[in-house]
Amino acid sequence: MFLADQGVFENPAPWLRASPPRAAVVNLSRRTFLKQTAVAAGSTFVLGLFAGCRSEARPVLEQKIPAQGTMAEADFQPNLLIGLNDAGDVFIVCTRSEMGQGIRTGMPPVLADEMEADWQRVHVVQADGDAKYGDQNTDGSRSVRNHFDEWRTAGATARAMLVAAAAQTWGVPAGECAAENHRVRHTPSGKELGYGELAATAATLDVPEDPPLKPRDQWRYIGKPVRGVDNRAIGTGAAVFGLDATAPGMLHASIERCPVIGGHVQSYDDAAARAVPGVLDVIELPAAAGPPAFQALGGLAVLAENTWAALQGREALQVTWDRGPNVSYDSDAYRDVLEQNATAPGREIRAMGDIGPALAAASQTVEATYYVPMLAHAPMEPPNALAWVKEDGTCEIWAPTQDPQTARGVVAQALGLEPEQVTVHVTLLGGGFGRKSKPDFIVEAALLSKAVGAPVKVTWTREDDVRLDYFHAPSVQHLQAGLDAAGKPTAWLHRTTFPSIGATFQPGVTYASDGELGLGFTTVPFDIPNMRCENGEATAHVRIGWLRSVCNIHHAFAVNAFAGELAHAAGRDQKDYLLDLIGPDRSLNHLFEGEQGTYGEDLSRYPYETGRLRRVIELAAEQAGWGKGLPAGHALGVAVHYSFVSYVAQVVRASVEDGKVRVHRVDCAVDCGTYVNPDRVKAQMEGAVVFGLTLALHGNITAKEGAVEQSNFHDYPLLRLNETPEIYVHLIESEAPPGGVGEPGVPPVAPALANALLALTGQPVRELPVRLG
């Protein structure tokens, strides 16, 4: 599927004619680079990688038994997700995108467990984007949460049919047969048949509607650590990411886009660009009309024989831009506007009790205003896509996309095709965090391929990605609380103001949606009799999009940091005060309208419970040594948050050394209900801590004259290794349905750090990134 043929693409177009002799440019792949450097280093890195992964707790070996054949050739396919051939090979289709979160090692074990398949015989097949698979949008921490039962049923269906096939073969009741580890056994006689031997017969049977599921105590893989199916391929350079995909005669494109959203090309001179060796053509892409949505931004595309020539040609372009209506956008001035709107009365969202008299009667009032700036996704692999619009009117795409079906539909619309004429192959993603669920970069490649009649790979630079992201919204929040004589809150006022994601898709959107406000704003779990939540107006001037945990980032920061300030004002221990704020064990389902929560969950299965919040706080504090001795100059801070139907608390131990914040340790307690792979849950929480500390210590996107000022990791840095603390993840065992894992670890990080610094210095932290003094 991923073509490696580098043969000449036959095309009479003038830009494909031979270029003058020049120094050779070698397209050295990541795979080749890794192989060559591994040899040069005596393979120390690769061998060390796999040696370090070994664990006696893992139920699988590193090397699988090679497959004979493919999913398409499998004799027995009881559903869209499973195939079995007569050699006993099991093919499981992963319908979700893999971006490091581990879904290709999360989904297949669930099906294999219920199927009673031998994990060594299981081979993972990546699904293309296709509506037949149902939802494939891999964001919102919903893969396991939304599909766990569906996957179990698919596996159980295969098992039931294999048992029935064995029973038919032997002429015995199916109740006398049992499946175990890739075989079916007739219990009375001890006769056995392997799954491969039963494939052909099973394929002739009717598919059962409601197959029995295995009891929890018989799970073979679910809840156990399973090594990543892509570990070896990634470590050896064999894995195919978006940047690795190739096609015969592929051209490379780099696009110069207006630095201000809503701008367009006014005039240009491409003579110098066309003179760059290897450059084949310069094509103008029209600017997006109306709200940007997932449209290509437009600009000037330089097409070349290789990426280097495309980049050099792009640098040689002379472009004059009409910067459009957002040229006046200034992030500092915009912050002032947000602060004005957040400190003034806003649109009422939630009200309980009577906030006015309660504040007037309070023994003490505390108020604070919190600011979180724009934030960028900044995945290691920038956006890229390979598109091939063919003479038969079809289009084939290879891309690191989180949402292949949306990509398919948007590309079809841009090309004037039907979705069925577009095929989207999903590669591995070198990070996503929500950025790669927006397919604008895929549309660019498709439009260029159509224009030139050849496969085109579009590769964004790091600078493109940072400057033209779908940014996490900047926000200002104003909170005020009234305390009684004992320091307990009797009134809580919370105003939040930020540009809505909706403005990216619809004109005139200036208030947050109910969904955005349900991300930690209307769901504050505190037991306070008088509460009022208001939303202020904000106009978007950049593309606003969802970033890992979305509005939970700024809402959790303000709510938890303010809780820390209230504890400080009351002279109370942070952890004890937070537990008192949450109050006794109870359901908070009344905070939602109807029978579904913010994340679409059925509240009868997923009740919002304070008891689970309390438990993660207590566990994180216990494991962090709360109340015990600390090194001189160190302090602890705590925060908790409910998001994506999971509960996460974190305790941060920090100090200030030579005027700089130093984070030494983070204890993370998580209750995500039933989990599939504890290793992946822990890895996601560890990654969330690193991601959250990046935002807390460094994340800050600013704009002047409509253009983003940052461009790369030198001015939008990620957390470095020497800044990374010890991270301890503590899982709570639960039989509740699965919750999300990829995002819930992010929101508590920044406020836990803020509360540690408050405990250490006595000074509140009210804006990110953290700045002392």
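Structure first, text after, so check above.
Residues numbered from 1 in each chain as written. Predicted model: local features only at pLDDT ≥ 70, side-chain atom pairs only at ≥ 80, totals over all residues. Heavy atoms only, no water.

Caption draft 1: Spotlight on the overall build of the protein. When its secondary structure is counted, the protein shows 19 helices and 27 strands. Taking 28 Å as the expected radius of gyration for a compact globule of 773 residues, we find that the protein reaches 28 Å, a close match to that expectation. The dimensions of the protein, computed from C-alpha atoms along their principal axes, are 85 × 75 × 55 Å. Taking all contacts inside the protein whose residues are at least 6 apart in sequence as the whole, residues at least 24 apart take part in 78%. Per element, the accessible surface of the protein, about 30400 Å² overall, is 51% carbon and sulfur. (Helix = DSSP H or I, 4+ residues; strand = E, 2+ residues; numbered from the N terminus. Rg over C-alpha atoms; globule rule 2.2 N^0.38 Å. Contact = heavy atoms within 4.5 Å. Areas by Shrake-Rupley, 256 points an atom, 1.4 Å probe, with all protein chains shown as cover.)

Caption draft 2: Spatial organisation of the side chain of histidine 641. Its place among the elements puts histidine 641 in strand E22 (residues 634-643). Note on histidine 641: relative accessible area 8%, which makes it buried. At 2.8 Å, the side chain of histidine 641 and the side chain of asparagine 552 are in polar contact. Here histidine 641 is in contact with Gly520, Asn552, Ala556, Leu613, Ser646, Tyr647, Val648, Pro747 and Pro748, once residues within four sequence places are set aside. (Buried < 20%, exposed > 50% of the residue type's maximum accessible area, 1.4 Å probe, protein only. Polar contact = N/O pair within 3.5 Å; in protein donor to acceptor, adjacent residues only side chain to side chain.)

Caption draft 3: Seen up close, the pairing of strand E15 (residues 384-389). Counting buried residues along E15, 6 of its 6 residues qualify, which places the element largely inside the surrounding structure. The alternating pattern of E15 places Asn384, Leu386 and Trp388 on one face and Ala385, Ala387 and Val389 on the opposite face, and all of these are buried. If you look at the hairpin formed by E15 and strand E16 (residues 395-399), you'll find 5 residues sitting between the two strands, and glycine 393 has a positive phi there, around 90°. (Pairing = 2+ DSSP bridges.)

Caption draft 4: Structural detail: the packing of helix H11 (residues 404-415) against helix H12 (residues 440-452). Between H11 and H12, the least distance of the axes is 9 Å, while the angle of their chain directions is 35°. By crossing handedness, the relation of H11 to H12 is classed as right-handed. Listed contacts from H12 to Ala407, Val410, Val411, Ala414 and Leu415 of H11 are Ile442, Val443, Ala446, Leu447 and Lys450. (Axes fitted to C-alpha atoms, helices over the stretch in contact; angles between N-to-C directions. Left-handed = near helix turned anticlockwise from the far one by under 90°.)

Caption draft 5: Representation of the packing of helix H3 (residues 107-115) against helix H4 (residues 143-170). In the contact formed by H3 and H4, the axes pass within 7 Å of each other and the chain directions differ by 35°. As H3 runs across H4, the sense of the crossing is right-handed. Contacts between H3 and H4 involve Met107, Val110, Leu111, Glu114 and Met115 from the first element and Phe148, Trp151, Arg152, Ala154, Gly155, Ala156, Ala158, Arg159 and Leu162 from the second. Split into classes, the residues belonging to the contact of H3 with H4 amount to 10 nonpolar, 1 polar and 3 charged. (Nonpolar A, V, L, I, M, F, W, Y, C, P; charged D, E, K, R; others polar.)

Caption draft 6: Fine view of the pattern of salt bridges. Evaluation of the coordinates by the stated rule reveals 39 salt bridges. Here arginine 274 makes a salt bridge to aspartate 281, at a shortest N to O gap of 3.2 Å. Here arginine 274 falls in the partly exposed class, since its relative accessible area comes to 40%. In this structure, aspartate 332 and lysine 704 form a salt bridge, with 3.0 Å as the shortest nitrogen-oxygen distance. Taken together, the residues aspartate 332 in helix H9 (residues 331-342) and lysine 704 in strand E25 (residues 703-704) connect sequence positions 372 residues apart. Overall, the relative accessible area of 33% leaves lysine 704 in the partly exposed class. Taken together, the salt bridges that share partners define one network made up of Glu256, Arg257, Arg314, Glu444 and Asp464. (Salt bridge = Lys/Arg side-chain N within 4 Å of Asp/Glu carboxyl O.)

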